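The lines below spell out each chain.
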Amino acid sequence: MWLCVSILGTYFKMRFSEIIGQEKAKGFFRRVISEDRIPHAYLFTGIAGVGKTSTAIALTMALNCRRPTDIEACGVCPPCRQMAGGNFPDFISIKPDGQNIKIEQIREVNRRLSFAPVSARYRVCVIQQAEAMTREAANSFLKTLEEPPPGNILVLNAVEPLNLLPTIVSRCQRVPFQPLPVEAMIEWLVRVKEMDRERATIVGRASGGSLGLALRMSEDVFWEKRDVWISRILKLPSLSKGDALTMAMESATKEKGRGSDDAEPIEPGLPEMLALWGGWYRDLLIVKVGAPKHLMTNIDFRDQLNDVAQYVTIENLTASLVAVDQAVRDLRRMGNPQLVMGHTILGLQRLYSNET
Ligand SMILES: [Zn+2]
């Protein structure tokens, strides 16, 4: 029940060649696989939606494919087809159960890994959002991490290694993942997802280099919400403190959204709203300093942006960007949306209200 075997087939391609960017990570795997020196524990670091899970899937395929070329799985042999269909028995993916990855989940992983893989040469176990492991869960995982039973490869996904116990980090081979180049992502969205170029540009630029986020933002449900979120930010300066607080609580409770490395369809929530707001303030800065307009994200709102830019200062815009960025990090770390949004929206409102 805690153990969730899932393949992220909808949004993420499986083979190394289908992963956008991340050349360093691919180069690393090309080297260790060709030299047959495959470390048994990895820590993949980087923001959500840049290809960490896809790389774990590509690695599983490359290691188990019967006819691989270099690190590229053939895609048609039985293990490849099982992986592509999401029913490869030796790919295990664990994600937080609520806020945390609990000790019971890790005990179950330990127990499962103690048996030989069902059919694979290498079984791969991915711990999604590894920073969500409780201290007990992390401690219970240490021994497995140091010496996994033969035939097992462990992959821990995390945003920043700082959020993990040093004893966990030191037992893993670290593989950093970078935010994706925005223009490459826009091209990919147009070519592979057949997205309208204006929409691809807006979501690509607003996503901060996260393909996962860009894909979520490209859903129709996001576009409906986007108007609501932009109207919020437009009316924020005219709100009283009380109304701003109401908006904060509404945002925190209504915009639940969902974790990022999940397989199920995702309802857009606070991460998307904050990404949009960050893009909005960046656009205002672009207008304000007279930077080239083709760098703007919300190109369909250029008239409103031009209007607003007349009565805001560069200092306030910079402070707003910092506040939104801090909110994204606090949300990830503290997981208390009411507190984070209250602090953030009141801070933003203060920056623009006439009282300051
Ligand atoms: Zn194959």
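Thresholds, definitions, all that
- Residue numbers restart at each chain and count upward from 1, following the sequence in its written direction.
- Given that this is a predicted model, residues contribute local features only at a pLDDT of at least 70 and side-chain atom pairs are listed and counted only at 80 or more, while totals for whole chains, interfaces and linings are drawn from all residues.
- Calculation of side-chain values draws on the structure's entire complement of heavy atoms; hydrogens and water are dropped beforehand.
- Note that water is not among the atoms used; donors are N, O and S atoms within 2.8 Å of the metal (3.2 Å for Na, K and Ca), so sites may look incomplete.
- In DSSP terms, a helix is any run of H or I states spanning at least four residues, a strand is any run of E spanning at least two, and both are numbered starting from the N terminus.
- Three exposure classes are used, based on accessible area relative to the maximum for each residue type with a 1.4 Å probe and protein chains only: buried under 20%, partly exposed in between, and exposed over 50%.
- When the centres of two rings from Phe, Tyr and Trp lie within 6.5 Å, Trp using its six-membered ring, the rings pair. Their planes under 30 degrees apart give stacked, over 60 give edge-to-face, and anything left gives tilted.
- Buried Ala, Val, Leu, Ile, Met, Phe, Trp, Tyr and Cys residues that are joined via side-chain atoms within 4.5 Å together make up what is termed a nonpolar core.
- The split of the chain into domains comes from an automatic or database domain assignment.
- Each reported salt bridge corresponds to a side-chain nitrogen of Lys or Arg within 4 Å of a carboxyl oxygen of Asp or Glu.
- Following DSSP output, two strands are said to pair if at least two bridges run between them.
- Every axis in this analysis is a line fitted to C-alpha atoms, fitted for helices over the stretch in contact. Angles between the N-to-C directions lie between 0 and 180 degrees.
- Contact between two residues is taken to exist if any of their heavy atoms lie within 4.5 Å; hydrogens are not considered.

Peer 1: Talk me through the coordination of the zinc ion; I want residue IDs and the actual numbers.
Peer 2: All of the protein donors around the zinc ion are C65 (SG), C74 (SG), C77 (SG) and C80 (SG); their distances to the metal are 2.2 to 2.3 Å. Summarised as a motif, the one-chain spacing of the donors to the zinc ion is C-x8-C-x2-C-x2-C. Separated by 15 residues along the polypeptide, C65 in the loop between α2 (52-64) and α3 (78-85) and C80 in helix α3 bring together distant segments of the chain. C80 sits in the buried class, given a relative accessible area of 1%.

Peer 1: Can you break down unusual backbone geometry residue by residue, with the values?
Peer 2: For D36, which is not glycine, the phi torsion reads 55° and is therefore positive. By the element assignment, D36 lies in the loop between α1 (23-34) and β1 (41-45). Given the relative accessible area of 59%, D36 is considered exposed.

Peer 1: Before we move on, can you summarise the packing of aromatic side chains with the specific residues and values?
Peer 2: Each aromatic ring pair is described using two quantities: the centre-to-centre distance and the angle formed by the ring planes. As enumerated under the stated definition, the model contains 10 aromatic pairs in all. Seen from their ring centres, F28 and Y42 are 6.3 Å apart, and the 85° between their planes marks the pair as edge-to-face. Of this pair, F28 sits in helix α1 while Y42 sits in strand β1, placing them 14 residues apart in sequence. Each member of the pair F28 and Y42 is classed as buried.

Peer 1: Could you give an account of the environment of E315, naming the residues involved and the relevant values?
Peer 2: As for its position among the elements, E315 is in helix α14 (residues 314-334). By relative accessible area, E315 is classed as exposed at 58%. With 30 residues separating them along the chain, E315 and L285 place their C-alpha atoms 9.6 Å apart.

Peer 1: Describe the nonpolar core, naming the residues involved and giving the relevant values.
Peer 2: Burial of nonpolar side chains together is a common tendency in soluble globular proteins. Residues F29, Y42, L189, W277 and Y281 are the most contacted members of the largest nonpolar core, which totals 91 residues. Of the residues forming this core, the biggest block, 12 residues, is contributed by helix α12 (residues 270-289). Taken domain by domain, this core gets at least three of its residues from each of domain 1 (16-176) and domain 2 (219-352). Listed in part, the 25 residues of the second largest apolar core include L113, C125, M133 and L156.

Peer 1: Break down the pattern of salt bridges for me, with residues and values.
Peer 2: Pairing between side chains of opposite charge can happen when the charged atoms of each approach one another. Per the counting criterion, the structure on display carries 14 salt bridges. A salt bridge links R15 to E72, with the shortest nitrogen-to-oxygen separation between them at 4.0 Å. Taken together, the residues R15 in the segment before α1 and E72 in the loop between α2 and α3 connect sequence positions 57 residues apart. If you follow the salt bridges from partner to partner, you end up with R15, E18 and E72 in one network.

Peer 1: Could you give me a rundown of the sheet that holds β1, with the residues and numbers involved?
Peer 2: A sheet is described by the order of its strands in space; here 5 strands give the open sequence β2-β3-β4-β1-β5, paired in parallel fashion. Two strands close off the open sheet at either side, each with one partner strand: β2 (91-94) and β5 (173-176). Recorded for the sheet is a direction-independent mean angle of 20° between the axes of neighbouring strands. One ladder, built from 5 bridges, connects β1 with strand β4 (residues 152-158); its direction is parallel. Counterpart to A41 in the pairing with β4 is L154. On top of the sheet, α1 reaches β1 and β5; it is set at about 145° to β5, its chief contact. Its contacts with the sheet place α2 against β1, β2, β3 (123-127) and β4, and it is angled at close to 165° to β4.

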